[in-house]
Structure formats: structure tokens, C-alpha cells
Amino acid sequence: MKQTGFIFDLDGVIVDTAKYHYLAWKKLANELGFEFTHEQNELFKGVSRKRCLEILLEIGKVKATQIQFDQWMIEKNEDYLEYIKHMDASEILPDVPKVLKYLKDKNIPIALGSASKNAQPILEKVDLLSYFDVIVDGNNVTKAKPDPEVFLMAAEQLGVKPEKCIVFEDAVAGIEAANAAKMISIGIGDAEILAAAKYNFSDFTQIDVSFLNTLIS
Ligand code: B16
Ligand code: MG
């Protein structure tokens, strides 16, 4: 078993894809005849695509047959893929590459733990794929965050004990999942919203080398 491992969420931690998810969900809501606000989009962070559609339909009070539901899932994803088509390294959130490089240079194992089924192509687009030893995403898990499955699977594949894993997360469900896995949770974003995290930072520019060294040792 290796000493310490780091697990990164994708959306809201490495890149801000939430804005593209929002546009695609808003387009579907508008087609179905109702509005979808930025505030409502907060509920969708870290939540699986299927659960997002269920919430969206609850918001719009729309009833769907299974065929319609499946069709809207496909439609939303096609629109989302269109929005992210032109993503590149300029969309990486501040200081993320710096932290990844620091850990990589120290041979610390790194995993992605994301709910997204589009995680791997996004990492390729922003040219960060080579930093990750392990990728666990929406294609591998059966239980969505706040269930700890995604992070436990990542720890196992990294060969690191769960309690030696550090998780960076921007979503409440993600912090709950990391805590349930008995990992060290670090909230990236609003400290009030992510109050359940062990540590909180507004973004990676606030995380310095000495803090990373403390986590590693
Ligand atoms: P997809 P994360 C999550 O990514 C997003 O925060 C969430 O809004 C989205 O619904 C989910 O991925 C599924 O994404 O439709 O691409 O499979 O934060 O877990 O990296
Ligand atoms: Mg996220």
C-alpha cells in the first residue's frame, strides 16, 4: 500500500463545466416550457445526469414516459457535448496544473473521482490526462455521490488506504461522499456551503506547498 493519494473531482475543481451543464439543462427546460435558473443549477453540482433530469422534471412539474426520459437524457448530453467541443487548457481553474505538477514530481498517486460520463474526453481536451494514474467516473460507478463508491474505487485502484486519501471537491454531495469514505475532505469553493469539509479553500491559489507537504507527510 502506498502512503498518500490525491483524488480530484472534475467539474468545479479542475474545470468549470457547470456553466455548460447549465446551458444544456436550460435549453431542455425552455423546450419543455419552463425556466431554469442559476440558483436551481446549484442543486445539480456533483449529481448524476439521471438524477439531474429527475430534479429538472420535478422543477417543471413535467411527467415523462421512460422513452421521453431516455430521449431527453440523450438530447441534453448532445447539447452539452456541443458546448464543450471547443474547450481547451485556458479553461483550467487557477493553479490546478501547479498542484498536479507538484504532486506528480513527488510521485504521489493521483486519481480523478467524478460523476461525469464525459470526464476522460474533457481531461484530454484541457491536456491534463497524463497527470492521472486512475480515472473513476460516471461510467464506472453504480451509486452516485454522496455514496462513497466513486472515491473508494479510486483509492483501491491507486493502492492507497481510504484514510490516506485526500479529496478535493466543490459539491456538498462530494464532501459527504469523501467523509463517508473516511477520507480527508477539502472543499473548494464556498466554505459556508461546504462546511462539512475538513479543510476549506476558495480555490487552488490559496493552497500552498507547505499545506500540501503537511498532507503528504
Ligand atoms: P455528465 P463532477 C458532475 O461532475 C457535475 O457536477 C454534474 O453537474 C453532472 O450532472 C455530472 O457530473 C454528470 O455529468 O452528464 O457529463 O455525465 O463534479 O462529479 O466532476
Ligand atoms: Mg464537482
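Before reading on, note that the structure itself is shown above.
Conventions we followed
- Residues numbered from 1 in each chain as written.
- Chains lettered and ligands numbered in written order.
- Predicted model: local features only at pLDDT ≥ 70, side-chain atom pairs only at ≥ 80, totals over all residues.
- Heavy atoms only, no water.
- Pairing = 2+ DSSP bridges.
- Helix = DSSP H or I, 4+ residues; strand = E, 2+ residues; numbered from the N terminus.
- Axes fitted to C-alpha atoms, helices over the stretch in contact; angles between N-to-C directions.
- Contact = heavy atoms within 4.5 Å.
- Salt bridge = Lys/Arg side-chain N within 4 Å of Asp/Glu carboxyl O.
- Buried < 20%, exposed > 50% of the residue type's maximum accessible area, 1.4 Å probe, protein only.

**Focus on the sheet that holds strand E6 (residues 199-201)**
Read across the open sheet, the 6 strands follow the order E3-E2-E1-E4-E5-E6; overall the sheet is parallel. Across the chains shown, the open sheet's two edge strands, defined by having one partner strand only, are strand E3 (134-136) and E6. When the angles between neighbouring strand axes are averaged without regard to direction, this sheet yields 20°. Sheet topology places strand E2 (residues 110-113) next to E3; 3 bridges connect them, and they run parallel. Bridge assignment links Leu-112 to a residue of E3, and that residue is Ile-135. Packed onto the sheet, helix H8 (residues 172-180) meets strand E4 (165-169) and strand E5 (184-188) and runs at close to 170° relative to E5.

**Comments concerning the pattern of salt bridges**
Under the criterion given, the structure shown has 14 salt bridges. We note a salt bridge from Asp-79 to Lys-27, for which the minimum N-O separation is 3.0 Å. Pair noted here: Asp-79 is in helix H4 (residues 66-84) and Lys-27 is in helix H1 (residues 18-31), with a separation of 52 residues, a long-range link. Look at Lys-27 and you get partly exposed, because its relative accessible area is 33%. Note that Glu-58 and Arg-51 form a salt bridge whose closest N and O atoms lie 3.7 Å from each other. On the basis of relative accessible area, Glu-58 is assigned to the exposed category, the value being 52%. Taken together, the shared-partner salt bridges in this structure form one network comprising Lys-50, Arg-51, Glu-54 and Glu-58.

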